[in-house]
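For reference, the chains in residue letters:
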Amino acid sequence: GVHYSKAFPNPSVVDIGVRVVSTGGLVPEAATLQVVDMKGTVVKAQRFESSYFNGATNDIRWSNEGLRPGIYFYEMELVVSGKRYRTNGRYVVRSF
């Protein structure tokens, strides 16, 4: 299985991340991230390939560059041993 943290730091200024722990010491094969704004518009989509991951515990981080201050929702999918695991949540982007 896979365990996800909540997005941190939240609120966020520069970047944000989610800690992912896959059980059994398995290294994730890939992850996808989609961030949407309050209107439901996709404002960021990113894919993380196997080379991004260095073990069973990883912090998947992404930049808030180009995002205006406000509330955003994210959905993340992680692939471990061919199985797909999903999580979602919300976070706040603050101005610098």
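**Digging into the overall build of the protein**
- Looking only at helices and strands, one finds zero helices and seven strands in the protein.
- The helix and strand sequence of the protein, counted from the amino end, reads β-β-β-β-β-β-β.
- In terms of overall size, the protein behaves like a compact globule, its C-alpha atoms giving a radius of gyration of 13 Å where 96 residues would be expected to give roughly 12 Å.
- The principal-axis extents of the C-alpha atoms in the protein amount to approximately 40 × 20 × 20 Å.
- Across the 96 residues of the protein, 36% fall into the buried class.
- A separation threshold of at least 6 residues defines the contact pool for the protein, and within that pool the share at least 24 residues apart is 57%.
- For the protein, the accessible surface area stands at approximately 5700 Å², while carbon and sulfur atoms represent 50% of it.

**Some thoughts on a nonpolar patch on the surface**
- Residues V13, V14 and F96 make up a contiguous nonpolar surface patch of roughly 350 Å² in combined accessible area.
- Note that V13 resides in the loop between β1 (2–4) and β2 (15–22).
- Residue V13 is classed as partly exposed on the basis of its relative accessible area of 31%.

**A look at the packing of aromatic side chains**
- On inspection of all chains with the given rule, the structure shows six aromatic pairs.
- Ring geometry for W62 versus Y74: centroids 5.6 Å apart, planes at 55 degrees, classification tilted. Of the two residues, W62 sits in strand β5 (residues 57–63) while Y74 sits in strand β6 (residues 70–80), which places them twelve residues apart along the sequence.
- The exposure class assigned to W62 is buried, which follows from its relative accessible area of 2%.
- A ring pair is formed by W62 and Y91, whose centres lie 5.9 Å apart and whose planes are at 75 degrees; its orientation type is edge-to-face.

**Overview of the environment of G82**
- Tracing the backbone shows G82 in the loop between β6 and β7 (83–93).
- It is 21 Å that separates the C-alpha atoms of G82 and S5, two residues lying 77 residues apart in sequence.

**Digging into the side chain of N64**
- Here N64 is to be found in the loop between β5 and β6.
- N64 sits in the buried class, given a relative accessible area of 4%.
- The residues contacting N64, other than those within four sequence positions of it, are S12, V13, V14, D15, I16, Y91 and V93.

**Focus: the nonpolar core**
- Counting residues in each nonpolar core, the largest one holds 20 residues, and the members touching the most others are I60, W62, Y74, L78 and Y91.
- Secondary structure elements with two or more residues in this core: β2, β3 (30–36), β5, β6 and β7.
- When neighbours within four sequence positions are excluded, Y91 is seen to be in contact with A7, N10, I16, V35, W62, N64, L67, G70, I71, Y72 and Y74.

**A few points about the environment of S81**
- In this structure, S81 sits in the loop between β6 and β7.
- For the pair S81 and V27, spaced 54 residues apart in sequence, the C-alpha to C-alpha distance is 8.3 Å.
- The residues contacting S81, other than those within four sequence positions of it, are L26 and E29.

About the cut-offs
Residues numbered from 1 in each chain as written. Predicted model: local features only at pLDDT ≥ 70, side-chain atom pairs only at ≥ 80, totals over all residues. Heavy atoms only, no water. Helix = DSSP H or I, 4+ residues; strand = E, 2+ residues; numbered from the N terminus. Rg over C-alpha atoms; globule rule 2.2 N^0.38 Å. Buried < 20%, exposed > 50% of the residue type's maximum accessible area, 1.4 Å probe, protein only. Contact = heavy atoms within 4.5 Å. Areas by Shrake-Rupley, 256 points an atom, 1.4 Å probe, with all protein chains shown as cover. Patch = residues over 30% accessible without salt bridge, like charges linked within 9 Å, V, L, I, M, F, W, Y side chains within 5 Å. Salt bridge = Lys/Arg side-chain N within 4 Å of Asp/Glu carboxyl O. Phe/Tyr/Trp six-rings, centres within 6.5 Å; stacked < 30°, edge-to-face > 60°. Core = buried A, V, L, I, M, F, W, Y, C linked by side-chain atoms within 4.5 Å.

Purely geometric stuff here, so don't read any function into it on its own.
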